[in-house]
Amino acid sequence: MTIVADKTARVLYPFILVFGAYVIIHGHLTPGGGFQGGVAIIGAAALVYLAMGIRAFHRYVSLSSLTIADSLGALLFLLWAFLGLVYTGYFFGDFVGKLWGDGVFRSLLSSGVIALMNISVGIKVLGGAGEMVVALIKGVESHA
Amino acid sequence: MVLLIMFTLFIYLGLSLYSIHTFGQPMKDGYIGLSILNDAIQRTHASNVVTSIVFGYRGYDTLGEATIFFVAVLGFYWTMSRMKGGKDSDDSSR
Amino acid sequence: MLSVIFYGLLMLMFVIGLGILLLSRNAIKVVMGLGVMTTALNVFLVSIGYVEGGTAPIFFDVNFTTKASDPVPQALTLTSIVIDIALTALALGFVVYLFKKTGSIELRDMRRLRG
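Residues numbered from 1 in each chain as written. Chains lettered and ligands numbered in written order. Predicted model: local features only at pLDDT ≥ 70, side-chain atom pairs only at ≥ 80, totals over all residues. Heavy atoms only, no water.

**Q** Is there a simple way to explain the overall build of chain B in this structure?
**A** When helices and strands are counted, chain B shows four helices and zero strands. Ordering the α and β elements of chain B from the N terminus gives α-α-α-α. Taking all 94 residues of chain B together, 36% fall into the buried category. In the form shown here, chain B has an accessible surface area of approximately 6000 Å², with 63% of it arising from carbon and sulfur atoms. (Helix = DSSP H or I, 4+ residues; strand = E, 2+ residues; numbered from the N terminus. Buried < 20%, exposed > 50% of the residue type's maximum accessible area, 1.4 Å probe, protein only. Areas by Shrake-Rupley, 256 points an atom, 1.4 Å probe, with all protein chains shown as cover.)

Shown next, in the form of structure tokens:
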């Protein structure tokens, strides 16, 4: 693309990542959550490919770390569910509230196991959608 | 032919307007959203009621949806890797 | 009267999306019809729970006094949108693969069984 779009995308890229991480982590206080924040981070990857070309995309984004993030998010989600079964009697039970008590209302550490599940689902959607974007770009580039 | 099907479907959907509540009034007198709203902040200590419904009251649906997303990503990646020039891009079955 | 117009327009959008899906000869237009249908359905699902004069269901006090919209259809729509993303991505992947195999995206050329 043109050099204006290239330099602008280079400046904007960390801000989009920080915004996506903010939407994921504050999922229990503001509108948003795991799914919305994960898709917002993948927008940064698509911006890198469209504005900076294929070489910069391969330098910024690696496929193996996205695959690791996908599997790690799914396994963490199941880990919180099984820990809830061990400490309380229920699947998906609130074991953080039982072990460490309730936090201060409206702070980051309140609301028990919901914040942990938000972060793990955010990591999972990030890995999954990023893998779809990388596969699509590889399919486009191998044809032309 | 297809236009006839579409018109019949539109009339059939329009007949359901007799049983939908008016747009702006609550559904019934004791609908479940009201009881969840009165109970959610005491029980989960989270400000966002929608997130506490998605991960707390309806956690099994989120587990199933994460599984569907995982399987769709796997299927998409497998389909894209069989393009021309790959290792296993021949359709010969033996 | 307002509710009839509002719900009627959403049902019309759903039926038009179904018509696009069934009557088009281009494979990408089939995926577009699917997208129109899912958008109409998600908007309908959210608008069921609207309460007049209500705010968003996000509170900062433990005891709230204002009216709030229904949060259950919003939670259902979140799940529905993610599933629609997965469906559209898989459908577009199949369209690209069919183009690589047969060389065209007209549906007329993909009807013959090859042996």
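**Q** What's the story with the interface of chain B and chain A in this structure? I'm lost.
**A** Reports often express the size of an interface as the amount of accessible area lost when the parts come together. Residue-level contacts link 22 residues of chain B with 33 residues of chain A. For the pair chain B and chain A, the two sides together bury roughly 2500 Å², of which 73% comes from carbon and sulfur. Of all residues in chain B, the largest losses of buried area upon contact with chain A belong to B:H45, B:F55 and B:Y77, amounting jointly to 26% of the total for that side. Put simply, chain B and chain A have zero salt bridges between them. If you look at where chain B meets chain A, you find seven residue pairs in polar contact (both at pLDDT 80 or more). Listed by contribution, the elements that provide at least two residues to the side of chain B that touches chain A are α2 (32–44), α3 (49–57) and α4 (59–80) of chain B. In terms of residues, the side of chain B that touches chain A owes the most to one element, α4(B), which gives 12 residues. For the side of chain B that touches chain A, the class distribution of residues is 13 nonpolar, eight polar and one charged. (Contact = heavy atoms within 4.5 Å. Buried area = accessible area lost by both parts, 1.4 Å probe. Salt bridge = Lys/Arg side-chain N within 4 Å of Asp/Glu carboxyl O. Polar contact = N/O pair within 3.5 Å; in protein donor to acceptor, adjacent residues only side chain to side chain. Nonpolar A, V, L, I, M, F, W, Y, C, P; charged D, E, K, R; others polar.)

**Q** Could you clarify how one ought to interpret the layout of surface pockets in this entry?
**A** Empty space among the atoms becomes visible once a probe the size of a water molecule is rolled across them. Looking at the largest pocket, its volume works out to about 500 Å³. As for the largest pocket, its lining consists of 23 residues, and the residues nearest its centre are A:V39, B:F69, C:I81, C:V82 and C:I85. For the lining of the largest pocket, the elements supplying multiple residues, two or more each, are α2 (34–52) and α6 (113–143) of chain A, α4 of chain B together with α3 (72–102) of chain C. Sort the elements by how many residues they give to the lining of the largest pocket and α3(C) lands first, with nine residues. Across the lining of the largest pocket, the residue classes break down as 20 nonpolar, three polar and no charged. By volume, the second largest pocket amounts to about 400 Å³. (1 Å grid on protein atoms, 1.4 Å probe; cavity = no way out; pocket = protein on both sides within 12 Å on 5 of 7 lines; lining within 4 Å. Points joined across faces, edges and corners; volume = space filled by probe spheres on them.)

**Q** I keep staring at unusual backbone geometry and nothing clicks. Help me out?
**A** Across residues other than glycine, the phi torsion is negative in most instances, and most of the peptide bonds are trans. Positive phi outside glycine occurs at A:F92, with the angle close to 60°. As for its placement among the helices and strands, A:F92 is situated in the loop between α4 (63–87) and α5 (95–100).

**Q** When you look at the side chain of C:D70 in this model, what are you seeing that I'm missing?
**A** For C:D70, the position within the fold is in the loop between α2 (27–47) and α3. Of the buried charged residues, C:D70 lacks a salt bridge, with B:R58 as the closest side chain of opposite charge at 9.8 Å. Apart from the residues lying within four places of it in its own chain, the contact partners of C:D70 are B:M27, B:Y31, B:G33 and C:G49. (Lys, Arg positive; Asp, Glu negative; His and termini not counted.)

These figures capture arrangement, not role.
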